[in-house]
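# Architecture at a glance
Residue-level listing of the chains:
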Amino acid sequence: MRFARLIGLLLGSGFALLAFAILLSCLPANASERDDGPDAYGYTDHPSYVSVARVLDLYVDRGFDEQDRQHILLAVRQWNYALNGFIRFRASLLPDDVPSGMMAEIKRTGGWIVARVDSGHPVAREGEGRHALAVTVGNRRTGVVYVISDRIGGRGLAGVVMHEFGHVLGAGHDTAGLMAPVYSIAGSRCIDRDAMAMVAEAQRLPMSQLNWCAGPQWNRRPAMTSQR
């Protein structure tokens, strides 16, 4: 089964219950973030007492080139560090020809597809998708992250995908930072405390055992503010 056919079937199989998008900003299209790992962003280093991580499988479209794949892996590394052993994203490439039973298996096991599409795709022509860089569609257990590749330009793909993975984990939109609905270079560099708090609440995880980037620009709220 070709990948485009798989995506069409997924859209027709109940993956319309959840839809989030990160919107284009007014920044130049050649602006991008640095592609460094968690150490570059001053993350916290909290102890974790979990013994076994819950794995979320990501199936990455082979339409992404090698550079794009590295940006996606950067987003995976940052989330895996921030989640600190409670949840772990595991990424693998989809085959060129998707076996007919693979869609059912992905749905059954709670996997997510990271799809490369362009602005002519139906998801990019309806609702929030008309002005989005990427859109996440699913039912909070399984679904598709659509990256609208011809709108990314020089913007940081890692930050765009990191935002969408926040939605995969149950976070909504925030007023600023990683989970703001409008892309910005500064807000998309790393996983800020407020983004992590939304995920902690959605996944019922202890905030004290999770990590986030701790530079002054990320602490918009007092440290004792309760989780959202």
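Right, let's walk through the structure included here.

Rules of the game
- Residues numbered from 1 in each chain as written.
- Predicted model: local features only at pLDDT ≥ 70, side-chain atom pairs only at ≥ 80, totals over all residues.
- Heavy atoms only, no water.
- Helix = DSSP H or I, 4+ residues; strand = E, 2+ residues; numbered from the N terminus.
- Buried < 20%, exposed > 50% of the residue type's maximum accessible area, 1.4 Å probe, protein only.
- Contact = heavy atoms within 4.5 Å.
- Pairing = 2+ DSSP bridges.
- Phe/Tyr/Trp six-rings, centres within 6.5 Å; stacked < 30°, edge-to-face > 60°.
- Lys NZ or Arg CZ within 6 Å of the ring centre and 35° of its normal.
- Salt bridge = Lys/Arg side-chain N within 4 Å of Asp/Glu carboxyl O.

With that settled, the discussion passes to the overall build of the protein. Along the backbone of the protein there are five helices and six strands. Each helix and strand of the protein, ordered N terminal to C terminal, gives the series α-β-β-α-β-α-β-β-β-α-α. The buried share of the protein, taken over its 228 residues, is 50%. Look at the contacts in the protein between residues 6 or more apart in sequence, and 78% of them connect residues 24 or more apart.

For the rest of this paragraph, the subject is the pairing of strand β5 (residues 132–138). Buried residues dominate β5, accounting for seven of its seven residues. In this structure, β5 lies alongside strand β6 (residues 143–148), joined through five bridges in antiparallel fashion. Paired with T136 across the strands is V145, a residue of β6. Linking β5 to β6, which pair antiparallel, is a turn of four residues; within it R140 sits at a positive phi near 70°.

All right, on to the environment of L56 then. The topology assignment puts L56 in strand β2 (residues 54–60). For L56, a relative accessible area of 8% corresponds to the buried category. Separated by 112 residues in sequence, L56 and V168 place their C-alpha atoms 9.4 Å apart. Beyond its immediate stretch of four places on either side in the chain, L56 contacts I87, R88, F89, R90, G110, V168 and L169.

All chains considered together, the criterion is met by two aromatic pairs. Taken together, a centroid distance of 5.2 Å and an interplanar angle of 35° make the contact between F89 and F165 tilted. One end of the pair, F89, is in strand β3 (residues 87–93); the other, F165, is in helix α4 (residues 157–168), with 76 residues separating them in the sequence. A single burial state applies to F89 and to F165, both of which are buried. A cation sits over an aromatic face here: R193 above W212, 5.5 Å from the ring centre.

Looking now at the environment of S51. With respect to the secondary-structure elements, S51 resides in the loop between β1 (18–23) and β2. On the basis of relative accessibility, which here comes to 73%, the residue S51 falls in the exposed class. The spatial distance from the C-alpha of S51 to the C-alpha of F86 is 8.2 Å, given a sequence separation of 35 residues.

Our next topic: the pairing of β2. Burial within β2 is extensive, with five of its seven residues counted as buried. Where β2 lies against β3, seven bridges are found, and the strand directions are parallel. Of the residues in β3, the one forming a bridge with L58 is A91. Across three bridges, the pairing between β2 and strand β4 (residues 112–117) is parallel. Opposite Y59, over in β4, you have I113 as the bridge partner.

Right, let's get into the pattern of salt bridges. In this structure the tally under the stated criterion is four salt bridges. Linking R69 and E66 is a salt bridge whose minimum nitrogen-to-oxygen distance equals 3.9 Å. With a gap of three residues between them, R69 and E66 both fall in helix α2 (residues 66–83), about one helical turn apart.

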